[in-house]
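# Observations on the three-dimensional arrangement
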Amino acid sequence: MTRTTRGSCLCGTATFRVIGDFEAFYLCHCGRCRKDTGSAHGANLFSSSATIEWLSGEDCVRTYHLPETRHSKSFCGECGSALPRVEGGSLVVPAGSLDDRIAIRPDAHIFVASRAEWDDKLEDVPKRNAFSE
């Protein structure tokens, strides 16, 4: 049986399903991925064999290509959420865009030499279940 994984953007305009398996899962600390996400790293799943089917909102998907690089980012034109894209023959899916649970765990942190100065020993930072004022 072929695995199907569903996902969407924050506002729900763009919905999709990925048909097939993910082959790799990387947490990328390069400066471009940090800018893309506004966070410590990008968290992307990769597949050279899976396909994507847009269930709704494909016309709202925008893609930005950083000039003179291979770097690109697809996102919802309504809410700005990161969305899947095909890049260099691989389907690239932002892990946070998935609605279904996945069993795959990250394979590696990559471009760690570029990580943010504050991205060190984050496991030691206090944990809370909700925002506190």
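Each remark here, short or long, concerns the structure printed above.
Description of the structure in this document. For every chain, the first residue of its written sequence is number 1, and the numbers climb from 1 along that sequence. Residue-level local features of this predicted model are given only where pLDDT is at least 70; pairs of side-chain atoms are given and counted only at 80 or more, and the full residue set underlies all totals for whole chains, interfaces and linings. Processing note: side-chain calculations cover all non-hydrogen atoms of the structure and skip hydrogens and water entirely.

## Focus: the overall build of the protein
Condition: In this description a helix means any DSSP run of H or I spanning at least four residues, a strand means any run of E spanning at least two, and both kinds are numbered starting from the N terminus. Burial here depends on accessible area, computed with a 1.4 Å probe over protein chains only, as a share of the maximum for the residue type. Under 20% is buried, over 50% is exposed, and the range in between is partly exposed. All accessible-area figures derive from a Shrake-Rupley calculation using a 1.4 Å probe, and residue coverage is judged against the displayed protein chains alone. By the counting scheme adopted, Arg and Lys are positive, Glu and Asp are negative, and His together with the chain ends is not counted. Charged side chains are reduced to one point each, which is NZ for Lys, CZ for Arg, CG for Asp and CD for Glu.
When helices and strands are counted, the protein shows one helix and 11 strands. The order of helices and strands in the protein, counted from the N terminus, is β-β-β-α-β-β-β-β-β-β-β-β. Along the three orthogonal principal directions, the C-alpha set of the protein runs to about 40 × 40 × 35 Å. By residue count, 33% of the 133 residues in the protein fall in the buried class. When the accessible surface of the protein is summed, it comes to about 8800 Å², and 48% of that surface belongs to carbon and sulfur atoms. Each charge class in the protein was averaged separately, 16 positive and 18 negative side chains, and the resulting centres sit 3 Å apart.

## Structural notes on the layout of surface pockets
Defined as follows: A pocket here means an open set of points on a 1 Å grid, computed over the protein atoms alone, that has protein on both sides within 12 Å along at least five of seven lines. A cavity is instead a set of points where a 1.4 Å probe fits but cannot get out; residues with an atom within 4 Å of a point line either one. Grid points are joined across faces, edges and corners, and a volume is the space filled by probe spheres set on the points. In the scheme used here, Gly and all other residues not listed as nonpolar or charged are polar, with Ala, Val, Leu, Ile, Met, Phe, Trp, Tyr, Cys and Pro taken as nonpolar and Asp, Glu, Lys and Arg as charged.
Put simply, the largest pocket is a space of about 570 Å³. As for the largest pocket, its lining consists of 27 residues, of which Cys28, Cys33, Asn44, His71 and Arg85 are closest to the centre. Breaking the lining of the largest pocket down by element, the ones donating at least two residues are β3 (24-28), α1 (31-37), β4 (42-47), β7 (72-76), β8 (82-83), β9 (85-87) and β10 (90-94). Classifying every residue of the lining of the largest pocket by side-chain character gives 13 nonpolar, eight polar and six charged.

## Observations concerning the pattern of salt bridges
Rules: Salt bridges are counted wherever a side-chain nitrogen of Lys or Arg sits within 4 Å of a carboxyl oxygen of Asp or Glu.
Tallied over the full model, the rule gives four salt bridges. Residue arginine 17 pairs with glutamate 53 through a salt bridge whose shortest N-O separation is 3.0 Å. With arginine 17 in strand β2 (residues 15-19) and glutamate 53 in strand β5 (residues 51-56), this residue pair connects regions lying 36 residues apart in the sequence. You can call arginine 17 partly exposed: its relative accessible area is 25%. Assessed through its relative accessible area of 30%, glutamate 53 is described here as partly exposed. For arginine 115, the salt bridge goes to aspartate 120, with nearest N and O atoms at 3.1 Å.

## Description of unusual backbone geometry
For glutamate 68, which is not glycine, the phi dihedral falls at a positive 60°. The topology assignment puts glutamate 68 in the loop between β6 (61-65) and β7. Phi angles above zero are rare outside glycine, and phenylalanine 111 is one such case at about 55°.

## Comments concerning the nonpolar core
This is how it is decided: As used here, the term nonpolar core means buried Ala, Val, Leu, Ile, Met, Phe, Trp, Tyr and Cys residues forming a set that is joined through side-chain atoms within 4.5 Å. For this analysis, residues touch if any pair of their heavy atoms sits within 4.5 Å.
Counting residues in each nonpolar core, the largest one holds 16 residues, and the members touching the most others are Phe16, Val18, Phe22, Leu45, Leu83, Val93 and Leu98. For this core, the secondary structure elements donating two or more residues are β2, β3 and β10. Leave out the neighbours within four places in its chain, and valine 93 touches Phe16, Val18, Phe22, Ala43, Asn44, Leu45, Pro84 and Leu98.

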